[in-house]
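Close look at the chain arrangement
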Amino acid sequence: MTAINLEQHLTDNNCDEQLKDLIILLSRQAPKIKSVFAHNQDSAGTLNTHGDEQAELDKVADEIIINALRESNHVKTIASEEQSDIIEIITPYEGYGITLDPLDGSSLISVNLSVGTIIGIYPNGNILQEGKNMVASMYILYGPLTILVYTIKNGVHEFVMDENGEFTILRENITMPQGNIYSSGGLKKDHKEKHSKFIEKLENDGHKLRYSGSFVADFHQILRYGGIFSYPSLKNNENGKLRLLFEANPIGFIAKQAGGEISTGFKDILDIIPKSIEDKVPLYVGNKNKIKNLEEHMKKEKIDEKDKEIIEENHINSTNYEVPIYESKQ
Ligand code: AHG
Ligand code: MN
Ligand code: MN
């Protein structure tokens, strides 16, 4: 019996025809991107709008995917991490809104560790709505294997690319196990007390540190082995580093479909209404009960005065994140 391919799987799951075409089209860009790795190993010498240094591969992957989407007829808007503005496309249909991190983890290109492409798919061409409204999300991870993980709100499924660039099923209906992996981004000296305490608890509970610098690869490990990944609010950077539209939402959508959760530490990330494509967000993603423990810890633990001042001064209020109510421990 031949293994089920991506197209068959989408058909078997009653995927809407336009969405199916779109997901297949996106999957076809994976072999093209993979094939240009060897000759695009350098920095491009430019910065994107987030102030990150762009790698040649960031730009090439961006161009490959955007060009394909422009031809698709199913896409009305594209927001890419590597573009300063939203791209609007005239389409005969209503068209989807696409968010794109063409190459996530690009600082690892030159050391040959796993990097990936992260994509969110929104209805009505509107990418500036809550992540929970997405119709699908997916990522492609370029590692020893090139794999594709997708959800159309039908569970989470993993496919592997063969030598012809075709994707066949590897694992169906993935659910996140309990697990004991943790990842914590940002410099330790910049971590706030509450985050540090939470990490200390995880370590004392027997959790093992695994952090590569590629969110998509680090998340994939959490998806398969269980645990919790974090890139927290930092003393000098209230919203951390990860981007709501390009990284947090699509990964969170997959995490939830696998039985996990994604949170700022205080609320569900998928409930946030974006203000702009540049929004960043403190991020915790992993097992449901670990996220629950985290949120309880963030609400209950006493914080120091300096921490409090930072929270009061900064824009946490103005970017939809609830200011937590801290109970003082007398
Ligand atoms: P990108 O390569 O798309 O700019 O994303 C990098 C992100 C994310 O993949 C990763 O978790 C994080 O930045 C790594 O940041 P640090 O270098 O601060 O660990
Ligand atoms: Mn990224
Ligand atoms: Mn990127």
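Just so it is clear, the structure is predicted and the values come from calculations on it, not from any experiment.

Concerning the domain arrangement of the protein chain
You can read the domains of the protein chain as domain 1 (6–174 + 322–327) and domain 2 (181–312). Between domain 1 and domain 2, the C-alpha centre-to-centre distance is 22 Å. Opposite the 53 residues of domain 1 that make contact, domain 2 presents 40 residues. Across the domain 1 to domain 2 interface the summed buried area is about 3700 Å²; carbon plus sulfur atoms make up 65%. The interface formed by domain 1 and domain 2 includes three salt bridges. The partner of R243 in a salt bridge is D52, with the nearest N and O atoms 2.5 Å apart. For the pair domain 1 and domain 2, the interface holds 14 residue pairs in polar contact (both at pLDDT 80 or more). Every element with two or more residues in the side of domain 1 that touches domain 2 is listed here: β3 (75–80), β5 (96–104), β6 (115–122), β7 (136–142) and β8 (146–151). When residues in the side of domain 1 that touches domain 2 are grouped by element, the largest group, six residues, is from β6. Taken together, the residues of the side of domain 1 that touches domain 2 sort by class into 24 nonpolar, 17 polar and twelve charged.

Things to note about the layout of surface pockets
Of the volumes computed, that of the largest pocket is approximately 510 Å³. Across the lining of the largest pocket, the residue classes break down as eight nonpolar, ten polar and twelve charged. In terms of domain composition, the lining of the largest pocket takes at least three residues from each of domain 1 (6–174 + 322–327) and domain 2 (181–312). If you add up the space inside the second largest pocket, you get close to 340 Å³. What lines the second largest pocket is a set of 16 residues, and nearest its centre among them are S114, L141, A217, H220 and Q221. When residues in the lining of the second largest pocket are grouped by element, the largest group, six residues, is from helix α5 (residues 215–225). Built from parts of two domains, the lining of the second largest pocket gets at least three residues from each of domain 1 (6–174 + 322–327) and domain 2 (181–312).

Here we look at the coordination of the manganese ion (ligand 3)
For a metal bound by four donors in a tetrahedral arrangement, the ideal donor-metal-donor angle is 109.5 degrees, while six donors in an octahedral arrangement ideally sit at 90 or 180 degrees. Protein coordination at the manganese ion (ligand 3) comes from E81 (OE), D101 (OD) and L103 (O), with a distance range of 2.2 to 2.3 Å. Counting the intervening residues between successive donors of the manganese ion (ligand 3) yields the motif E-x19-D-x1-L. The two metals, the manganese ion (ligand 3) and the manganese ion (ligand 2), are separated by 3.6 Å and share D101 as a common coordinating residue. Note that E81 is positioned in the loop between β3 and β4 (87–88) and D101 in strand β5, a separation of 20 residues in sequence. When its relative accessible area of 4% is taken as the criterion, E81 is described as buried.

Here we look at the site of ligand 1
Contacts to ligand 1 come from 16 residues, most closely from D104, G105, S106, Y211 and Y231. A distance of 2.8 Å separates an oxygen atom of ligand 1 from a polar backbone atom of G105. Within the side chain of K241, an N or O atom sits 3.0 Å from an oxygen atom of ligand 1. In the complex, the protein chains occlude 82% of the 470 Å² of accessible area that ligand 1 would expose alone. With respect to the pocket detection grid, ligand 1 is positioned in the largest pocket. If you tally residues by element for the shell around ligand 1, the top one is β5, at three residues. For the shell around ligand 1, the residue count by class is five nonpolar, four polar and seven charged. Both domain 1 (6–174 + 322–327) and domain 2 (181–312) contribute no fewer than three residues apiece to the shell around ligand 1.

As for helix α3 (residues 56–70)
With 15 residues, α3 ought to run about 21 Å at 1.5 Å a step, and its terminal C-alpha atoms sit 21 Å apart, in line with that. Residues of α3 that are buried: L57, D58, A61, D62, I64, I65, I66, A68 and L69.

Some points on the confidence of the model for the protein chain
Per-residue confidence for the protein chain gives a mean pLDDT of 91, with 91% of residues at or over 70. Segment residues 313–330: pLDDT under 50, and 41 contacts once partners within four positions in sequence are set aside and those in other chains are kept.

Things to note about helix α6 (residues 244–257)
Within α6, twelve of the 14 residues are buried, which leaves it mostly tucked inside the rest of the structure. Regarding α6, the residues found buried are L244, L245, F246, E247, A248, N249, P250, I251, G252, F253, I254 and A255. Following α6 by one or two positions, G259 has its phi on the positive side, about 90°.

Reading guide: rules and limits
Residues numbered from 1 in each chain as written. Chains lettered and ligands numbered in written order. Predicted model: local features only at pLDDT ≥ 70, side-chain atom pairs only at ≥ 80, totals over all residues. Heavy atoms only, no water. Domains from an automatic or database assignment. Contact = heavy atoms within 4.5 Å. Buried area = accessible area lost by both parts, 1.4 Å probe. Salt bridge = Lys/Arg side-chain N within 4 Å of Asp/Glu carboxyl O. Polar contact = N/O pair within 3.5 Å; in protein donor to acceptor, adjacent residues only side chain to side chain. Helix = DSSP H or I, 4+ residues; strand = E, 2+ residues; numbered from the N terminus. Nonpolar A, V, L, I, M, F, W, Y, C, P; charged D, E, K, R; others polar. 1 Å grid on protein atoms, 1.4 Å probe; cavity = no way out; pocket = protein on both sides within 12 Å on 5 of 7 lines; lining within 4 Å. Points joined across faces, edges and corners; volume = space filled by probe spheres on them. Donors = N, O, S within 2.8 Å, 3.2 Å for Na, K, Ca; no water. Buried < 20%, exposed > 50% of the residue type's maximum accessible area, 1.4 Å probe, protein only. Near = heavy atom within 4 Å. Areas by Shrake-Rupley, 256 points an atom, 1.4 Å probe, with all protein chains shown as cover. Sits in = over half its atoms within 2 Å of the grid points. Expected span 1.5 Å × (residues − 1). pLDDT = per-residue confidence, 0-100.

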